[in-house]
Amino acid sequence: VGILKVRSSVKKASLLYGVAENLQKTSDEMGGKLTAFVLRRMERAYPRLAAEELLRARREQEKKADAARAKAGVFAVGCCFYKLVCLFLLGAFLGDITETIFCYVTAGKLMSRSSVVYGPFSIVWGLGCALLTAVLYRYKDRSDSYIFCFGTVLGGAYEYICSVFTELVFGTVFWDYSKIPFNLGGRINLLYCFFWGIVSVIWLKLCYPFLSRFIEQIPKKTGVIVCRVLVVFMVFDIGMSGLALARYSERQAGNGAVQSRLERYLDQHFPDEKMKEIYPNAKFV
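The rules behind these values
Residues numbered from 1 in each chain as written. Predicted model: local features only at pLDDT ≥ 70, side-chain atom pairs only at ≥ 80, totals over all residues. Heavy atoms only, no water. Helix = DSSP H or I, 4+ residues; strand = E, 2+ residues; numbered from the N terminus. Buried < 20%, exposed > 50% of the residue type's maximum accessible area, 1.4 Å probe, protein only. Contact = heavy atoms within 4.5 Å. Phe/Tyr/Trp six-rings, centres within 6.5 Å; stacked < 30°, edge-to-face > 60°. Lys NZ or Arg CZ within 6 Å of the ring centre and 35° of its normal. Axes fitted to C-alpha atoms, helices over the stretch in contact; angles between N-to-C directions. Parallel < 35°, antiparallel > 145°, perpendicular 65-115°, else oblique. Nonpolar A, V, L, I, M, F, W, Y, C, P; charged D, E, K, R; others polar. pLDDT = per-residue confidence, 0-100. Left-handed = near helix turned anticlockwise from the far one by under 90°. 1 Å grid on protein atoms, 1.4 Å probe; cavity = no way out; pocket = protein on both sides within 12 Å on 5 of 7 lines; lining within 4 Å. Points joined across faces, edges and corners; volume = space filled by probe spheres on them. Patch = residues over 30% accessible without salt bridge, like charges linked within 9 Å, V, L, I, M, F, W, Y side chains within 5 Å. Areas by Shrake-Rupley, 256 points an atom, 1.4 Å probe, with all protein chains shown as cover. Salt bridge = Lys/Arg side-chain N within 4 Å of Asp/Glu carboxyl O. Expected span 1.5 Å × (residues − 1).

Section: the overall build of the protein
Part 1: A tally of regular secondary structure across the protein gives nine helices and four strands.
Part 2: Going from the N terminus to the C terminus, the protein shows its helices and strands as α-α-α-α-α-β-β-β-α-α-α-α-β.
Part 3: Within the protein, the fraction of its 285 residues that count as buried is 33%.
Part 4: Considering only residue pairs separated by 6 or more positions, the protein has 68% of its internal contacts joining residues 24 or more positions apart.

Structure follows, in structure tokens:
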């Protein structure tokens, strides 16, 4: 009799446990379905939320991958200082060559488009490449239209600031868009702002991935040394160019009397003829 009572108690406990387990499964299924239903409704009502989550997850994966490659000894991983230095140098060189070819095709003559006295480098293009990459890197997975709009505004603002800077510091105007429709003080115009937007899309979607892979193939030790040497050279080149331009401006204004060794050096190595050759479109204000 005792054994039968124990068996009966065990059966009742088993039945109660089975009922509880079934209820838990049913509850879990209903909860899962309810959660899925709510998520679907949220995605339909706010489709951008899903896209934002995907972009955020992708950025996190890229950060982890970049950290792993950096530990493995890969040079200039991600959007780091050395990557931006390399892009600045490549952009400055390629920008100068591109403008030189463009001027030759449109005007029929070769002319210097360099921003510095030593080497074919356009600082505006170099800084533009580095700036576009630094600012737009986190948005590189966005749509082309988003990057185009962002690049149009950013490029226009950048070109305007460069124009104001060179005029205030050197008293020189290197470009004037006054004859082009929809210009702002001759410093920028709508057509070229659109050009900056197109360049932003081409740069982030096509050029940057290719150049980034190319840069990261450079041996790390070699890349670091070369970048540091080129940074020192460019700082010297930009500084010397600024001094030469300032002295050139003084001579054009009739203040060319030599009062120091530096001015004598600049007059000897960067006379008006040479400066006109380097900066053929420079106008003094």
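A few points about the environment of Lys109
Part 1: Its place among the elements puts Lys109 in the loop between α3 (81-107) and α4 (123-136).
Part 2: Lys109 has contacts with Cys103 and Tyr104, leaving out every residue within four places of it along the chain.

As for the packing of aromatic side chains
Part 1: Scanning the model with the defined rule gives twelve aromatic pairs in all.
Part 2: Ring centres of Tyr139 and Tyr146 lie 5.7 Å apart, and the angle between their planes is 50°; this geometry places the pair in the tilted category.
Part 3: Its relative accessible area of 29% is what places Tyr146 among the partly exposed residues.
Part 4: Ring-pair connections join several aromatic residues into one group, and the members of that group are Phe75, Phe81 and Tyr82.
Part 5: Over the ring of Tyr146 we find Arg142; its NZ or CZ atom is 4.7 Å from the centre of that ring.
Part 6: The ring of Tyr160 carries the charged tip of Arg187 above its face, separated from the ring centre by 5.7 Å.

Describing the packing of α4 against helix α6 (residues 190-216)
Part 1: The contact between α4 and α6 brings their axes to 11 Å, and the two run at 70°. By the angle between their axes, α4 is roughly perpendicular relative to α6. The residues of α6 that touch α4, namely those facing Trp125, Cys129, Leu132, Thr133 and Leu136, are Phe195, Trp196, Ser200, Trp203, Leu204 and Tyr208.
Part 2: Looking at the contact of α4 with α6, its residues break down into nine nonpolar, two polar and no charged.

Some thoughts on the confidence of the model for the protein
Part 1: Summarising the model, the protein shows a mean pLDDT of 81, and 75% of its residues fall at 70 or more.
Part 2: Averaged pLDDT values for the elements of the protein fall to 56 in helix α1 (residues 2-45) and rise to 93 in helix α7 (residues 220-252).
Part 3: Taken as a whole, residues 1-6 scores under 50 in pLDDT and shows zero contacts with residues more than four places along the chain or in a different chain.

What to know about the packing of α3 against α6
Part 1: Here α3 crosses α6 at 115°, and the two axes come no closer than 11 Å. Comparing the axis directions of α3 and α6 gives the class roughly perpendicular. Helix-helix and strand crossings are classified by hand; for α3 and α6 the assignment is right-handed. Along its contact with α3, which presents Lys83, Cys86, Leu87 and Leu90, the element α6 presents Trp203, Tyr208, Leu211, Ser212, Ile215 and Glu216.
Part 2: Considering only residue class, the contact of α3 with α6 consists of seven nonpolar, one polar and two charged.

So, the layout of surface pockets
Rolled over the atoms, a probe sized like a water molecule indicates the empty space that remains.
Part 1: Roughly 1,300 Å³ of volume is contained in the largest pocket.
Part 2: When contributions to the lining of the largest pocket are tallied by element, the ones reaching two or more residues are α3, α4, α5 (144-170), α6 and α7.
Part 3: With six residues, α5 is the single largest residue contributor to the lining of the largest pocket.
Part 4: For the lining of the largest pocket, the residue count by class is 25 nonpolar, ten polar and five charged.
Part 5: Within this model, the second largest pocket holds a volume of roughly 340 Å³.

Digging into a nonpolar patch on the surface
Part 1: Together, Phe93, Leu94, Ile97, Ile101, Tyr104, Val105 and Leu110 make up an exposed nonpolar region whose accessible area comes to about 710 Å².
Part 2: Within the secondary structure, Phe93 sits in helix α3.
Part 3: Look at Phe93 and you get partly exposed, because its relative accessible area is 36%.

So, the pattern of salt bridges
Part 1: Going through the model one piece at a time under the given rule, you end up with nine salt bridges.
Part 2: Put simply, Lys140 and Asp141 hold a salt bridge, and the shortest N to O gap is 3.9 Å.
Part 3: When its relative accessible area of 16% is taken as the criterion, Lys140 is described as buried.
Part 4: Among the salt bridges present, the one from Glu250 reaches Arg247, with a minimum N-O distance of 3.0 Å. A residue pair is termed a helical-turn pair when its members lie 3 or 4 positions apart in one helix, as Glu250 and Arg247 do in helix α7 at three residues.

Considering α3
Part 1: With 27 residues, α3 extends 38 Å from end C-alpha to end C-alpha; this agrees with the ideal 39 Å at 1.5 Å per step.
Part 2: Once α3 finishes, Gly108 follows within two positions and takes phi at roughly 80°, a positive value.

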